[in-house]
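Summary of structural features
Chain residues, written in single-letter form:
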Amino acid sequence: MDDATLKSCREFVSLLASDAPAPGGGGAAALVGAIGTALGNMVGALTVGKKKYADVEEEIRALMARCDQLQTQLLDQVKADAEGFLPLARAYGIPKDDPTRDQVLEEATVTACQTPMDIMTLCCDSLEVIAVLAEKGSRLAVSDAGCAAALAKAALQAACLNVFINTKTLKNRALAQELNEKCLGMLERYGGLADQVFDQVKNGFFQ
């Protein structure tokens, strides 16, 4: 399968708007998460080398290295999400009187949950980094830190919906509940962290 992230921004958006089965919401979430992480990385880039922030430079450089990793991993999830969805799309095409259909569909549904959950985990990791960059990074780039948090939260929320649409149809309700609870936990903890960063940045402009 082609890597949609190698296309131009306009090509990717056009593909997203088409009737192609992928990329879809999961791929879009991964891309938005990568963009948010990159903005956090930019805050670091605008901080290092400045005398005013010399005491945190080593920490900021380590955070930037982590952002580099997360950006790459999130972009990789665009293709992974498309690949994870295709077995499910094929499973829905199996005739309803085929005795293997239910098992194949169940297994494909579980597979389709995995990448959006991975995207959520990466977004959580990104938000932890962004929170520190917002606190310790250059004040000249604080708005970018707030934008980074907002985008990472949006990616987190978008990815979770791509889990929930699949867990809703799982026959294994215990597994569905386990996956749902894990997603809801990430939403509560890291969505709250994103809101905290965003509000701190926003409110700082009115003090």
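Please refer to the structure placed before this passage.
I will try to describe carefully the structure that is included in this document. On a predicted model such as this, the values are computed, not experimentally measured, just so you know. (Residues numbered from 1 in each chain as written. Predicted model: local features only at pLDDT ≥ 70, side-chain atom pairs only at ≥ 80, totals over all residues. Heavy atoms only, no water.)

Comments concerning the packing of helix α5 (residues 142-167) against helix α6 (residues 173-204)
Two elements in contact, α5 and α6, have axes separated by 9 Å at closest approach and are oriented at 165°. The angle between the axes of α5 and α6 places the two elements in the roughly antiparallel class. Taken as a pair, α5 and α6 cross one another with a handedness that is left-handed. When grouped by side-chain class, the residues that make up the contact of α5 with α6 number 19 nonpolar, six polar and three charged. (Axes fitted to C-alpha atoms, helices over the stretch in contact; angles between N-to-C directions. Helix = DSSP H or I, 4+ residues; strand = E, 2+ residues; numbered from the N terminus. Parallel < 35°, antiparallel > 145°, perpendicular 65-115°, else oblique. Left-handed = near helix turned anticlockwise from the far one by under 90°. Nonpolar A, V, L, I, M, F, W, Y, C, P; charged D, E, K, R; others polar.)

Details of the pattern of salt bridges
Inspection of the entire model under this criterion finds five salt bridges. The shortest N-O distance in the salt bridge between Arg 66 and Asp 125 comes to 3.3 Å. Within this pair, whereas Arg 66 is found in helix α3 (residues 57-92), its partner Asp 125 is found in helix α4 (residues 101-136), the two being separated by 59 residues in sequence. On the accessibility criterion, Asp 125 (25% relative accessible area) is partly exposed. We note a salt bridge from Asp 199 to Lys 202, for which the minimum N-O separation is 3.9 Å. Taken together, the residues span about one helical turn, with Asp 199 and Lys 202 both in helix α6 at a distance of three residues. Relative accessible area serves as the criterion here: at 32%, Asp 199 is assigned to the partly exposed category. On the accessibility criterion, Lys 202 (36% relative accessible area) is partly exposed. (Salt bridge = Lys/Arg side-chain N within 4 Å of Asp/Glu carboxyl O. Buried < 20%, exposed > 50% of the residue type's maximum accessible area, 1.4 Å probe, protein only.)

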